[in-house]
Amino acid sequence: MPIATVNPANGETLKTYEAMGEEEIERRLQLAEATFRTYRTTSFEERARLLNRAAEVLDEAQQDIARVMTTEMGKPVKQARAEAAKCAKAMRWYAGHAEALLADEEPSEADVEDSGGARARVLYRPLGPVLAVMPWNFPLWQVIRFAAPALMAGNVGLLKHASNVPQTALFLEDLFHQAGYTQGCFQTLLVGSGAIDDILRDERVKAATLTGSEPAGRAVASTAGDMVKKTVLELGGSDPYLVMPSADIDRAAEVAVTARVQNNGQSCIAAKRFIVHTDVYDRFAERFVAGMKALKVGDPLEEDTEVGPLSSEQGRNDLEELVDDARRSGASVLCGGERPDGPGWYYPPTVVADVTREMRIHREETFGPVATLYRAADLDEAVLIANDSPFGLSSNVWTRDEAEVDRCVRDLEAGGVFVNGMTASHPAFPFGGVKRSGYGRELSGHGIREFCNITTVWHGA
């Protein structure tokens, strides 16, 4: 895949870039290693100063980088600005919380005495250069939610971004440099996916984090496992959205539309499978379909656009194949489902009902504005349908019954359960999944400690 900006609204190639050669990659690896030796000794106060300054730089550039993101991958420009603002918020959050999150831990006196020692403590020390392999769908946020905690922990970052967002990737490197970071603290590697294996095998790279597809995650995990290196993987998701009779059905249907089409439906944590109790199914379906039909699809640079194009022609083809397969197998398409005429990689908001386990759309992730709608006889069946997926990223539950909430929290196979609201990420809360959605956690204290050497220091009596 070429490293290029191709506008998904019209298919026009705007900029192309040459991949870095072996000499440049080697130079940057050397720089990362050398920089880490010094940066790891900086104080939390200095790291926080730099990260807060990076947030200020991002705020100042918000309008410009939002247009770049929209031009590169098609998200509505209002959502792109919100993404930039969210990144600045996360940087400030880690600048203010990292020192406490990584504070030395003191075991109890009884445990120290029982160990035969006089005193002991547990430290969180940085690992070194961390390789981040990041996707195009949230081209700023996915990177910042790695970079902010990694830098505050004393690590340095090497970014291999998706090949269709090179301008955003270069902006990120420049962002940290403008903020005053030493050049080797955060570097973008403009390389294709074929270069990842050799970079990850390099002894100077100590760990890796990947957000992306399951095949990409398998490849990185395999290489990292062979080299015995730590990884965090955030892969696909096919999040269930359960609606029970006690819920506010109108509100649940309204939020369901946003939960499905956020980021043009290209979000791992977007709700994708809507599982509705039979007693309220017809009412929910009517409102949900009406909401999906009412969305404005169009030029993502227009302020009132709600759904823009998919990021690539292949992405649209893949989505179209899932809908067509379901239709041929007996599913009902309640709205959308037909590729529009004209330029760009657009696909309409679509709702597919009467889905069965044999259909591909039941098992595979729909990465675009396509929802599947299921009828459940009771909560038991709803949970069974929800868990009948290879993925387990997040989940949504709409009910006013606390016993039903408790049951879902206990039994849903997911890294998050969001009650009476849509899934969202926040720097204070851990984020990640189970099953084929990956392992490890980003954000919160759990995320910042993922790439730390957790060190026991023990003193004899």
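Relevant structure appears above.
Residues numbered from 1 in each chain as written. Predicted model: local features only at pLDDT ≥ 70, side-chain atom pairs only at ≥ 80, totals over all residues. Heavy atoms only, no water.

Mind laying out empty space enclosed by the protein, listing which residues take part and the relevant values?
If a probe the size of a water molecule is rolled over the atoms, the empty space left behind becomes visible. On inspection of all chains with the given rule, the structure shows three cavities of 30 Å³ or more. The volume enclosed by the largest cavity comes to roughly 110 Å³. Lining the largest cavity are 13 residues, and of these R145, F146, P149, G447 and F451 sit closest to its centre. Those elements that place two or more of their residues in the lining of the largest cavity are helix 6 (141–152) and helix 16 (444–449). With four residues, helix 6 is the largest single contributor of residues to the lining of the largest cavity. Classifying every residue of the lining of the largest cavity gives seven nonpolar, two polar and four charged. Counted as a void, the second largest cavity has a volume near 60 Å³. Taken together, 15 residues form the lining of the second largest cavity, with P240, A386, S394, E413 and A414 sitting closest to its centre. When its residues are assigned to classes, the lining of the second largest cavity shows six nonpolar, six polar and three charged. (1 Å grid on protein atoms, 1.4 Å probe; cavity = no way out; pocket = protein on both sides within 12 Å on 5 of 7 lines; lining within 4 Å. Points joined across faces, edges and corners; volume = space filled by probe spheres on them. Helix = DSSP H or I, 4+ residues; strand = E, 2+ residues; numbered from the N terminus. Nonpolar A, V, L, I, M, F, W, Y, C, P; charged D, E, K, R; others polar.)

Got a sec to walk through the sheet that holds strand 9 (residues 239–243)? Specific residues and values, please.
Spatially, 11-12-13-10-9-15-16 is the arrangement adopted by the seven strands of the open sheet, whose pairing is mixed. Both outer strands of the open sheet, strand 11 (332–335) and strand 16 (418–419), are each paired with one neighbouring strand and no more. Where strand 9 and strand 10 (residues 271–277) come together, five bridges link them in parallel fashion. Bridging from a neighbouring strand, D239 pairs with A271 of strand 10. Packed onto the sheet, helix 11 (residues 281–294) meets strand 9, strand 10, strand 11, strand 12 (350–353) and strand 13 (370–376) and runs at close to 175 degrees relative to strand 13. Contacting strand 9, strand 10 and strand 13, helix 14 (residues 379–387) crosses the sheet at an angle of about 145 degrees to strand 13. (Pairing = 2+ DSSP bridges. Contact = heavy atoms within 4.5 Å. Axes fitted to C-alpha atoms, helices over the stretch in contact; angles between N-to-C directions.)

So what's going on with helix 1 (residues 22–39)? Residues and values would help.
Compared with an ideal rise of 1.5 Å per residue, which puts 18 residues at 26 Å, helix 1 spans 25 Å between its outermost C-alpha atoms and is within 8% of the ideal. When helix 1 is considered as a whole, its buried residues turn out to be I25, R28, L29, A32, T35, F36 and Y39. Looking straight down helix 1, one finds its buried side chains confined to an arc of 135 degrees; they lie on one side. For helix 1, exposure combined with an orientation more than 90 degrees from the buried face picks out E22, E23, R37 and T38. (Expected span 1.5 Å × (residues − 1). Buried < 20%, exposed > 50% of the residue type's maximum accessible area, 1.4 Å probe, protein only. Arc of directions from axis to C-beta.)

Lay out the nonpolar core with the relevant residues and their values.
Ranked by size, the top nonpolar core spans 84 residues in total, and within it L58, L131, F176 and Y181 carry the most contacts. Here the element with the most residues in this core is helix 4 (residues 77–101); it accounts for twelve residues. Contact partners of L131, with chain neighbours within four places excluded, come to L158, K160, L189, I196, I199, L200, V205, A207, A208 and T209. By size, the runner-up hydrophobic cluster in this structure holds 29 residues, among which are Y241, V243, V255 and L295. (Core = buried A, V, L, I, M, F, W, Y, C linked by side-chain atoms within 4.5 Å.)

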